Amino acid sequence: MATAGKVIKCKAAVAWEPKKPLVIEEIEVAPPQANEVRIKIVATAVCHTDLYHLLEDEAGFPTVLGHEGAGIVESVGPGVTEFQPGDKVIPLFISQCRECRFCKSPKTNHSCHPLSSFSTLYTIIGRLIQTFVGTSTFSQYTVVNQIAVAKIDPAAPLDKVCLLGCGICTGYGAAVNTAKVEPGSTCAVFGLGAVGLAAVMGCKAAGAKRIFAVDINPDKFGKAKVFGATDFVNPKDHDKPISQVLAEMTNGGVDYSLECIGKVDIMRSALESCNPGWGVSVIVGWTDLEDFSARPVQLIAGRTWKGSLFGGFKSKDGVPQMVKAYLDKKVKVDEFITHNMTLDQVNDAIELMKKSKWPLKCILSINFLL
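Residues numbered from 1 in each chain as written. Predicted model: local features only at pLDDT ≥ 70, side-chain atom pairs only at ≥ 80, totals over all residues. Heavy atoms only, no water.

The name given to the protein chain in an unreviewed UniProt entry is Alcohol dehydrogenase 1-like, with the source organism recorded as Seriola dumerili. UniProt annotates the protein chain under Cofactor (unreviewed entry) with the comment "Zn(2+)". On record in UniProt, under Sequence similarities (unreviewed entry), the comment for the protein chain is "Belongs to the zinc-containing alcohol dehydrogenase family." (UniProt positions renumbered as here; feature names shortened; annotations may be inferred.)

Structure below.
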């Protein structure tokens, strides 16, 4: 491309400081260095993890948020052979180098390579702007290390499959890869946002016979049924702990529970909702603000408490597989999208995510700005 090897001036939504609206700025994106890929972002979703950093963190500013995007390779740096200009790709907030002990282990999808320092964006005035989890997809162009980029099927619609860069894989994989839900089992999913609904979808795909969707908003059950939920339980409708309610409904507790909210009290409720002899409870919701706790007796009899990051998917391998599953109509993606907006409406999208009880995913069309 004509821009290869040159600095690109483009628009990005910059978070100058925490708890303040993002500002559309013109930034300069340097050419990719060794082992890097410069990507023209076509679409990105707004994820609650972006909001978590903006509203709860005090460090890591100024930054360009965004980690649930998809785009087209514009150019590659020295040493990159896996990608070529024109490839459709999804940037990844979890890397997969395929060489470290973590990547070689079938027991984890962690990598020993942190992404936050791999690439840097600069404003036109030369002020350093930090990347966000190595992706920064709230920008028309971004630079990502090649170990954190997945090449996907060229037939994939980028304004849909961008969702596979985080939320859908996180929830779906938590059920299929981490919990390892079995056919004929009973499951409870706590929280019916995008991650929770994806977990419901994963439980159904794994063959669960009964899937309890747990949320305090009854309007969500109709959507949850689309993804496979069989029962809706609203904790506000009961005068006893939700774990006791589920235990009574399942003769002792569900086989699997997945907490998809990020609240430590709900994590414990999800654990206690499992059958004490063999139940598996998975923490999926992200938070780093509080400690969580349980009594030893809640685990001694046989319950298992597990965590799941990005649904246990090894990123470069798993994301293309999920894109193919979507194209083969084996997983839902379109049904998660509630709003389509442009990058200059990013603050409107954030407000929708903050205030509304229902929006799942706001998709921003990045290169149709203004």
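Enquirer: Sorry, what's going on with helix 5 (residues 194-205) here?
Expert: Its twelve residues place the ends of helix 5 16 Å apart at the C-alpha level, agreeing with the 16 Å of an ideal helix rising 1.5 Å per residue. Buried residues dominate helix 5, accounting for nine of its twelve residues. The complete set of buried residues in helix 5 reads Ala194, Gly196, Leu197, Ala198, Ala199, Val200, Met201, Gly202 and Cys203. In this fold, the buried residues of helix 5 make contact with helix 4 (167-179), strand 11 (186-190), strand 12 (210-214), helix 6 (221-227), strand 14 (256-259) and strand 18 (361-365). (Helix = DSSP H or I, 4+ residues; strand = E, 2+ residues; numbered from the N terminus. Expected span 1.5 Å × (residues − 1). Buried < 20%, exposed > 50% of the residue type's maximum accessible area, 1.4 Å probe, protein only. Contact = heavy atoms within 4.5 Å.)

Enquirer: So what exactly am I meant to see when it comes to the environment of Asp288 here?
Expert: For Asp288, the location among the structural elements is in the loop between strand 15 (280-283) and helix 9 (297-300). Here Asp288 falls in the exposed class, since its relative accessible area comes to 63%. Asp288 sits 24 residues away from Val264 along the chain, and the two C-alpha atoms are 9.8 Å apart.

Enquirer: Please clarify how the environment of Val42 should be interpreted in this entry.
Expert: Tracing the chain through its elements places Val42 in strand 3 (residues 36-45). On the basis of relative accessibility, which here comes to 23%, the residue Val42 falls in the partly exposed class. A sequence separation of 135 residues divides Val42 from Asn177, and the C-alpha atoms of the two residues are 29 Å apart. Setting aside residues no more than four positions away along its own chain, Val42 makes contact with Ala70, Gly71, Ile72, Leu158, Leu364, Ser365, Ile366 and Asn367.

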